[in-house]
Amino acid sequence: MTAPAVATIAVGARTSGRRLRRRDARLVPVAAVAWIAAGAFTVHAGMSGTVAAPLWISAAASIVTAIVFRRPSSGAARTRAVAVVAGVSLAVAAAVATNIAAAEPDRARVASAEIAGGRALSVEATVVGKIERGAAGWRFDAVIERLTYGDTVIVAPVPVLIRTTDVPDGLDLGARVRLPATAWRAEAGQRAVLIVDAASTPELISPPGGVLAGASALRRGLTDVTEGLPDPGGGLIGGLAVGDTSAVAADLDDAMKASSLSHLTAVSGANCALVVGIAFGIAALCGARRGIRVIIGLSALAAFVVLVSPEPSVVRAAAMAAIAMLGVLLGRAGAGLSLLGAAVILLLILDPWLAWSLGFALSVAATAALLVGAGPIADGLARWMPRPLALGLSVPLAAQLACGPLIVLIAPQVSLYGVIANVLAAPAAPVGTVLGLAACVTAGIPLVGAGLAALAWLPSAWIAGTALTISAIPGNAVWWPEGLGGLIALVVVSLALTVLILRTRRRWRIAAGLVLVCTVAVGLGLGPVSDIAERARLPAAWSIAACDIGQGDAVVIRSADQTAVIDTGPDPAALGACLDTLGVRRLDLLVLTHFDHDHDGGSSALAGRVATVLHGPTGAPDDEPTLRRLADGGARLVPTTAGMTGRLGNASWRVLWPRKDTAAGNDGSVVVDITGPDVPTALFLGDLSASGQQRMAAQANLRASYAVVKVSHHGSADQDPNLYARLHATVALVSVGQNTYGHPRAETLTMLSALGARIDRTDQEGLVVLWREGDALRVWREKQPP
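Computed from a predicted structure; not experimentally measured.

The rules we used
Residues numbered from 1 in each chain as written. Predicted model: local features only at pLDDT ≥ 70, side-chain atom pairs only at ≥ 80, totals over all residues. Heavy atoms only, no water. Helix = DSSP H or I, 4+ residues; strand = E, 2+ residues; numbered from the N terminus. Buried < 20%, exposed > 50% of the residue type's maximum accessible area, 1.4 Å probe, protein only. Contact = heavy atoms within 4.5 Å. Areas by Shrake-Rupley, 256 points an atom, 1.4 Å probe, with all protein chains shown as cover. Arc of directions from axis to C-beta. Axes fitted to C-alpha atoms, helices over the stretch in contact; angles between N-to-C directions. Parallel < 35°, antiparallel > 145°, perpendicular 65-115°, else oblique. Left-handed = near helix turned anticlockwise from the far one by under 90°. Nonpolar A, V, L, I, M, F, W, Y, C, P; charged D, E, K, R; others polar. Pairing = 2+ DSSP bridges. Core = buried A, V, L, I, M, F, W, Y, C linked by side-chain atoms within 4.5 Å. pLDDT = per-residue confidence, 0-100. Patch = residues over 30% accessible without salt bridge, like charges linked within 9 Å, V, L, I, M, F, W, Y side chains within 5 Å. Salt bridge = Lys/Arg side-chain N within 4 Å of Asp/Glu carboxyl O. Lys, Arg positive; Asp, Glu negative; His and termini not counted. Charge placed at Lys NZ, Arg CZ, Asp CG, Glu CD. Polar contact = N/O pair within 3.5 Å; in protein donor to acceptor, adjacent residues only side chain to side chain. Phe/Tyr/Trp six-rings, centres within 6.5 Å; stacked < 30°, edge-to-face > 60°. Lys NZ or Arg CZ within 6 Å of the ring centre and 35° of its normal.

**Regarding the overall build of the chain**
Here's step 1: From N to C terminus, the chain includes 26 helices and 25 strands.
Here's step 2: Residues classed as buried in the chain amount to 47% of the 786 residues present.
Here's step 3: The long-range share in the chain, meaning contacts at least 24 apart out of those at least 6 apart in sequence, stands at 67%.
Here's step 4: Total accessible area on the chain is roughly 34800 Å²; 64% of this is exposed by carbon and sulfur atoms.

**A few points about helix α22 (residues 623-632)**
Here's step 1: Looking at α22, one finds that the buried residues are D623, T626, L627 and L630. Here the buried residues of α22 occupy an arc of 90 degrees about the axis, which is enough to place them on one side.
Here's step 2: Of the residues one or two after α22, G634 is the one with positive phi, at around 105 degrees.

**With respect to the packing of helix α5 (residues 210-226) against helix α15 (residues 428-441)**
Here's step 1: For the pair α5 and α15, interaxial distance at closest approach is 8 Å and the crossing angle is 110 degrees. One way to sum up the angle between α5 and α15 is to call them roughly perpendicular. Here α5 runs over α15; the crossing is right-handed. Where α5 abuts α15, its residues L218, R219 and L222 lie against G436, A439, C440 and V441.
Here's step 2: Classifying every residue of the contact of α5 with α15 gives five nonpolar, one polar and one charged.

**Concerning the pairing of strand β18 (residues 651-657)**
Here's step 1: Across the seven residues of β18, six count as buried, placing the element largely inside the fold.
Here's step 2: Of the pairings in the sheet, the one linking strand β17 (residues 645-648) to β18 comprises four bridges and is antiparallel in character. Note that in β18 the partner of G646 across the bridge is W653.
Here's step 3: Hairpin connection from β17 to β18: two residues lie between these consecutive antiparallel strands, with G649 at a positive phi of about 60 degrees.
Here's step 4: In this sheet, strand β19 (residues 671-676) lies alongside β18 in antiparallel orientation, the contact comprising five bridges. Across the sheet, residue W653 finds its bridge partner in β19, namely I674.

**Quick word on the sheet that holds strand β13 (residues 562-566)**
Here's step 1: The mixed open sheet is built from eight strands, whose spatial order is β16-β15-β14-β13-β12-β11-β24-β25. If you trace the sheet from one side to the other, it starts and ends with β16 (636-639) and β25 (776-781), each paired once. The sheet shows a mean angle of 20 degrees between the axes of neighbouring strands, direction not considered.
Here's step 2: Across six bridges, strand β24 (residues 768-773) lies against β25 in antiparallel orientation. Looking across to β25, one finds that L770 is bridged to V779.

**Here's the deal with the environment of A343**
Here's step 1: Note that A343 resides in helix α11 (residues 335-350).
Here's step 2: For A343, a relative accessible area of 7% gives the class buried.

**Things to note about the nonpolar core**
Here's step 1: Grouped together as the largest cluster of nonpolar side chains are 29 residues, with contacts concentrated most on V123, L147, L194 and V196.
Here's step 2: Looking at this core, the elements with two or more residues in it are β1 (121-127), β3 (137-149), β5 (159-164), β6 (176-185) and β7 (194-198).
Here's step 3: The element that contributes the greatest number of residues to this core is β3, accounting for five residues.
Here's step 4: Contact partners of L147, with chain neighbours within four places excluded, come to V110, A113, L121, S122, V123, T152, V153, I154 and L194.
Here's step 5: With 28 residues, the next largest nonpolar core counts C547, V584, L587 and W771 among its residues.

**Quick word on the confidence of the model for the chain**
Here's step 1: Mean pLDDT over the chain stands at 84; residues scoring 70 or higher make up 90%.
Here's step 2: Mean pLDDT per element in the chain: helix α1 (residues 3-24) is the minimum at 39, and strand β21 (residues 708-710) is the maximum at 96.
Here's step 3: With pLDDT under 50 throughout, residues 1-23 is counted as low confidence; its partners more than four residues away or in other chains account for five contacts.

**Overview of a positive patch on the surface**
Here's step 1: On the surface, R383, R503, R506 and R509 cluster together into a positively charged patch.
Here's step 2: When you line up the elements, R503 lands in the loop between α17 (483-501) and α18 (506-526).

**Let's talk about the side chain of T593**
Here's step 1: Relative to the elements of secondary structure, T593 occurs in the loop between β14 (587-592) and α21 (597-600).
Here's step 2: Engagement of the side chain of T593 in a polar contact is seen with the side chain of D567, the distance being 2.7 Å.
Here's step 3: What T593 contacts, discounting residues up to four positions off in sequence, is I566, D567, H599, G616, G668, S669, V670 and G686.

**Thoughts on the packing of aromatic side chains**
Here's step 1: Tallied over the entire structure, the rule returns one aromatic pair.
Here's step 2: Ring centres of W35 and F360 lie 5.0 Å apart, and the angle between their planes is 40 degrees; this geometry places the pair in the tilted category. With W35 in helix α2 (residues 27-43) and F360 in helix α12 (residues 358-381), this residue pair connects regions lying 325 residues apart in the sequence.
Here's step 3: Relative accessible area serves as the criterion here: at 22%, W35 is assigned to the partly exposed category.
Here's step 4: The buried category is assigned to F360, whose relative accessible area is 0%.
Here's step 5: The ring centre of W508 lies 5.9 Å from the NZ or CZ of R505, which sits over that ring.

**Section: the environment of R745**
Here's step 1: In this fold, R745 is placed in the loop between β22 (731-734) and α25 (746-754).
Here's step 2: Measuring from C-alpha to C-alpha, the distance between R745 and H714 comes to 8.9 Å, with 31 residues separating the pair along the chain.
Here's step 3: What R745 contacts, discounting residues up to four positions off in sequence, is W184, G715, S716 and A717.
Here's step 4: One polar contact links R745 to E747, side chain to side chain, over a distance of 3.0 Å.

**Observations regarding the side chain of D598**
Here's step 1: Following the sequence through the fold, D598 ends up in helix α21.
Here's step 2: This buried residue, D598, is left without a salt bridge; K710 holds the nearest opposite charge, at 8.7 Å.
Here's step 3: There is a polar contact of 2.9 Å between the side chain of D598 and the side chain of H714.

**So, the pairing of β19**
Here's step 1: Taking burial as the measure, the six residues of β19 include six buried ones, the bulk of the element.
Here's step 2: Strand direction decides the pairing type here: β19 and strand β20 (residues 679-684), joined by four bridges, are antiparallel. The residue bridging I674 from the neighbouring strand is A682, located in β20.
Here's step 3: The antiparallel pairing of β19 with β20 creates a hairpin that spans two residues between the two strands.

**Regarding a nonpolar patch on the surface**
Here's step 1: Residues I63, I67, V84 and V88 make up a contiguous nonpolar surface patch of roughly 290 Å² in combined accessible area.
Here's step 2: Taken together, the elements giving at least two residues each to the nonpolar patch come down to α3 (48-68) and α4 (74-111).

**Considerations on the sheet that holds β19**
Here's step 1: Taken together, the seven strands give an open sheet; going across it, the order is β17-β18-β19-β20-β21-β22-β23, and neighbouring strands pair in mixed fashion. For this open sheet the edge positions go to β17 and β23 (758-761), each flanked by a neighbour on one side alone. Between one strand axis and the next, the sheet turns through 25 degrees on average, direction left out of account.

**Some remarks on the pattern of salt bridges**
Here's step 1: Applying the stated criterion across every chain, the model contains 21 salt bridges.
Here's step 2: Among the salt bridges present, the one from D172 reaches R219, with a minimum N-O distance of 2.9 Å. With a gap of 47 residues between them, D172 in the loop between β5 and β6 and R219 in helix α5 connect regions that are remote in the sequence.
Here's step 3: Classification of R219 by relative accessible area gives buried; the value is 12%.
Here's step 4: Residues D673 and R703 are paired through a salt bridge, measuring 2.9 Å at the closest nitrogen-oxygen approach. You can see D673 sitting in strand β19 and its partner R703 sitting in the loop between α23 (690-699) and β21, a full 30 residues away along the chain.
Here's step 5: With relative accessibility at 0%, the residue D673 sits in the buried group.
Here's step 6: The exposure class assigned to R703 is partly exposed, which follows from its relative accessible area of 28%.

Encoded structure:
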């Protein structure tokens, strides 16, 4: 073949590739319209029925226009292309609106239920999501079968989110439950119509049946065969294999998040692709035709979805995996983006509420980044390093650049070593997943399941060790502004970094370099320099400090030369940053009111730094490891009951609750009051419910008044107004962060204001410190409230 012929073929290939990429992106605007329509119509559901018909008519008109402009001229071709895209986009928007309009009557009936003021409800529902342990107990998605209050009965199958402090044995996907509860309306745009808070442990009406019962048995079998394996690797096997994180210790969970490895314990497209790939491979080895391989692969995928629970996030991951496999099957290098666009469109039509799901956005962003960005990033990195290393770094780097801006919406920090952690964990993740799945399927076979679980422990232990090591490196995560501003800022930085990596024009690289230099300068100004300035601003005489640690409690008390902390919040890094700002190095006393993650999750930051730990009753299996970690650091553990007293510098403290026979949980929270010449008289209520507050007040020797009261349970609606009226508090401290619970509730804030208390909230004011100055109570706030 001559050189000109080779050049012609090369040019033709490049031109064809460009045309293919252009065709590949044609569904992107349609997917964007679907996303915008779903986001708008789910928030304004009442208008969806009104706009559906005009959208269908407009879509039909656009399609007719496309048919009319079929003349072979360039102008007509462009008009026809625009009309086709417009028609398809309008049809997709119309389909989204139609689906929402069809669901709206039942959703409106349930949303209009008279539930205000904590009204007692009776709820019957079917579990449709994974049972997950959260910061304040357990939570799961369900579909209401029957909602009863007074003489009113509502029967409408709408989605709700159920939260409970305890769950009955046998509760799993497909089970039916009955529970007494209170409820409040979810925010517009959310799939769940109501957030249901169980007043007691739900009653199991019937366990899962059919294939769901079999899947539940397999998951329990995996838990059984991994139970005796050493931690932290043993607890991670279920997460890698089937997304079951119930055995993952709190410190490992925090480490996985801090090192950007938490996606390994969430069922994702990678898990689904492994399952389909293995099924395809086995079928191919057996000589099956392409059609048979497709059927076997899809069957394996369906079985896997049932095994790990077909909740929305899993169905989404399965759809992405099926699309990726279809792209490979078709042998079209450029088909990936088109198939991803088609999947987004289809999923948003079927489930418009995905538009407000951060998990869905992360899934789409990561998949798009791998399809579009991984290759060019690998080419750019290959200029400075060996090609294999560049390929290995390009995948996690592309995913982090795409997903980082979204992640700051829920965790305002950027992991600096996340790419390295993912590169180190990458070889072990598929091995641990496959061996864990094999152990799950064979758990009932003597020795086989246990043996496979033991083999799965090796890669799991490697991943756990990687997470714990990377998260412990100083500076692993840096603070980043939260909210929309933080998202936009990180998008700009991510684009600048991408421009520097890719082969781009010199002036673009100079502009990108300036963006990164400015980012570093601002970071130094808001980081170390800001810390010094913050310490200089902090009143030297402070005695009570409510740390801004997100959704949780962490209050520091100082008297003379001694310091105590009441609860640690959910995040060790946030607690450590607060203590650094306050200049606290060692603690004389730590009070763990109870063992919900939003109260003890940051305790690893205090290991080796605290002398004595007062703690409430233990209940869950992971309560003891928290205490053991503190004891290993030299702390003396003291189980706490009402009547205990002690000194902190010049101040004295008393334990008012719990009694010896009080069960663990919110109503077993340790309640402490403290007073002294340099400490305002203060009462800390933990997470007591209204009934718990009533029992405590009936038995405790409360003071006539308090300068400060730490409002129970982050300002939830479950409060006893009579208790707060009796306390006569000057300041009501609400330790709260971004949350889906509606904390602090409007009725609680109204009640506190009506009683004359000044309300200070950490979510609006940041760090709040108080101190006594003569007979006056002084308050300093990091930020001015809105």
